Amino acid sequence: PMMVQGYKFDLRLYVLVTSFTPLEAWLCQEGFARFATAPFTLDEAQLENRHMHLTNSSVQKSRVERGEVPDFLKKAHPAGGSKLSLTALQRLLELQQVDWSVLWEKIVEVVLACLFVVQDAIPSNPNAFELFGFDVLIDDHGCVWVLEVNSSPSFSLDTPLDRSIKPRMIR
């Protein structure tokens, strides 16, 4: 996977769909980079280390509470535990010579492809909308992979970063 300072991450992206026929969707330009809190390795002795391979905040919570997170997460403002904003991630990736605009175009293409695939299977309801949480992984070649898509993702405000980003999406 693509990493930041040796730590694996994935992205939580928020997509609002107001219609599937025709497709009308908005991808929020801010979201979260969710990090593992143990440095990544392919060492077979570490294959069962959840803190290295899984980026879900609930998995990382115990290490966050003990302060066992990389320095770039400790220094993040607003604090997000094991998460950074996409804006903060962009700055870190650009330091690694990753072109964010190219990467973002790939992310948009993958999100749209997913929505087009299910477009005909979702009944039209002109008075409704759905918010989706797309979890994507970026590999070390810059390819974007969908891990899962959640309908009605959590909007809990557990960290200062959550309280900064999530309410702005609703507005």
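Above this text you will find the structure in question.
Residues numbered from 1 in each chain as written. Predicted model: local features only at pLDDT ≥ 70, side-chain atom pairs only at ≥ 80, totals over all residues. Heavy atoms only, no water.

Student: I would appreciate a short explanation of helix α2 (residues 57-65) in the present structure.
Tutor: Residues three or four positions apart in an α-helix share a direction because the helix packs 3.6 residues into each turn. Residues Val-59, Gln-60 and Arg-63 constitute the buried set of α2. Buried positions in α2, seen along its axis, are confined to an arc of 75 degrees and lie on one side of it. With respect to the buried face of α2, the exposed residues turned more than 90 degrees away are Ser-58 and Glu-65. Among the structural elements, β4 (32-35) and α1 (50-53) are those in contact with the buried residues of α2. Following α2 by one or two positions, Gly-67 adopts a phi angle in the positive range, close to 75 degrees. (Buried < 20%, exposed > 50% of the residue type's maximum accessible area, 1.4 Å probe, protein only. Helix = DSSP H or I, 4+ residues; strand = E, 2+ residues; numbered from the N terminus. Arc of directions from axis to C-beta. Contact = heavy atoms within 4.5 Å.)

Student: It is not clear to me how the pairing of strand β7 (residues 144-151) should be interpreted in this structure. Could you clarify?
Tutor: On a regular strand, one side chain projects to one face of the sheet and the next to the other, so that they alternate. The pairing of strand β6 (residues 130-138) with β7 spans 7 bridges and is antiparallel. Note on β7: the bridge partner recorded for Phe-132 is Ser-151. Where β6 folds back onto β7 in an antiparallel hairpin, the turn is made up of 5 residues, including Gly-142, whose phi is positive at roughly 85 degrees. (Pairing = 2+ DSSP bridges.)

Student: Is there a simple way to explain the environment of Cys-143 in this structure?
Tutor: Within the secondary structure layout, Cys-143 lies in the loop between β6 and β7. Spatially, the C-alpha atom of Cys-143 lies 31 Å from that of Arg-171, the residues being 28 residues apart in sequence. Once residues within four sequence positions are removed from consideration, Cys-143 is found in contact with Leu-137 and Ile-138.

Any link to function would need more than the numbers given here.
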